[in-house]
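Each chain is listed here by its residues.
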Amino acid sequence: MTGEYLTSSEAAEMLRVKPKTLNNMKARGVFSEGVHFFRRPGLGPRWKRDALVRWLEGSVPAADAFPLAEPGGRNLGQ
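Residues numbered from 1 in each chain as written. Predicted model: local features only at pLDDT ≥ 70, side-chain atom pairs only at ≥ 80, totals over all residues. Heavy atoms only, no water.

K.L.:
Where do I start with the packing of aromatic side chains in this structure?
P.N.:
Given two aromatic rings, their pairing is described by the distance between the two centres and the angle made by the two planes. Evaluation of the coordinates by the stated rule reveals four aromatic pairs. Ring geometry for Phe37 against Trp47: centres 5.0 Å apart, planes inclined by 40 degrees, an arrangement best described as tilted. Note that Phe37 is positioned in strand 2 (residues 37–38) and Trp47 in strand 3 (residues 46–48), a separation of ten residues in sequence. Residue classification places Phe37 among the buried positions, given a relative accessible area of 2%. By relative accessible area, Trp47 is classed as buried at 0%. Members of the aromatic cluster, joined through ring pairs, are Phe31, Phe37, Trp47 and Trp55. (Phe/Tyr/Trp six-rings, centres within 6.5 Å; stacked < 30°, edge-to-face > 60°. Helix = DSSP H or I, 4+ residues; strand = E, 2+ residues; numbered from the N terminus. Buried < 20%, exposed > 50% of the residue type's maximum accessible area, 1.4 Å probe, protein only.)

Dropping the structure here:
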């Protein structure tokens, strides 16, 4: 089903991690609110299955990704 939303337990089971691991990844910024999960008052987070699949397959960059320095000490931003 396209656009399916999962509870945290279901999302953790899908990724084959513990719910605590999923919450830790969310706290570290691996998953972004509005991209990977959404919150509504009175409900726990609801995870977008499609976004989790894209992340798992490596086609969604991590929220905390940043350009790394090039070899030789030159930064990409310069």
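From this point, the discussion proceeds with the structure in view.
K.L.:
What am I meant to see in unusual backbone geometry here?
P.N.:
Not every positive phi belongs to a glycine, and Arg16 is a case in point at roughly 60 degrees. You can see Arg16 is positioned in the loop between helix 1 (8–15) and helix 2 (19–28).

K.L.:
What should I look at first to understand the sheet that holds strand 1 (residues 5–6) in this one?
P.N.:
Sheet strands pair by backbone hydrogen bonding; their relative direction is either parallel or antiparallel. Ordered by their spatial adjacency, three strands build an open sheet running 1-3-2, and the pairing between neighbours is antiparallel. Looking at strand neighbours, the two that pair on one side only are strand 1 and strand 2, the edges of this open sheet. Relative to strand 3, strand 1 runs antiparallel, the two sharing two bridges. In the sheet register, Leu6 faces strand 3, and the bridge partner there is Trp47. Sitting on the sheet, helix 3 (residues 49–56) is in contact with strand 1 and strand 3, with an inclination near 55 degrees to strand 3. (Pairing = 2+ DSSP bridges. Contact = heavy atoms within 4.5 Å. Axes fitted to C-alpha atoms, helices over the stretch in contact; angles between N-to-C directions.)

K.L.:
How should the pattern of salt bridges be read in this particular structure?
P.N.:
Note on pairing: side chains with opposite charge can pair once their charged atoms come close. Inspection of every chain in the model, using the stated rule, returns one salt bridge. Across the pair Arg39 and Glu33 runs a salt bridge whose closest N-O atoms are separated by 3.4 Å. For Glu33, a relative accessible area of 49% puts it in the partly exposed group. (Salt bridge = Lys/Arg side-chain N within 4 Å of Asp/Glu carboxyl O.)

K.L.:
In this structure, what is going on with the packing of helix 1 against helix 3? I would like to understand it.
P.N.:
A packed helix pair is summarised by two numbers, namely the angle formed by the two axes and the spacing between the axes. Helix 3 packs onto helix 1 with a crossing angle of 30 degrees between their chain directions and a minimal axis gap of 11 Å. Accordingly, the angle class assigned to the pair helix 1 and helix 3 is roughly parallel. With respect to the hand of their crossing, helix 1 and helix 3 are arranged in right-handed fashion. Of helix 3, the residues touching helix 1 (which contributes Ala11, Met14 and Leu15) are Arg49, Leu52, Val53, Trp55 and Leu56. For the contact of helix 1 with helix 3, the residue count by class is seven nonpolar, no polar and one charged. (Parallel < 35°, antiparallel > 145°, perpendicular 65-115°, else oblique. Left-handed = near helix turned anticlockwise from the far one by under 90°. Nonpolar A, V, L, I, M, F, W, Y, C, P; charged D, E, K, R; others polar.)

Note that all results are geometric; they support no functional claim without further evidence.
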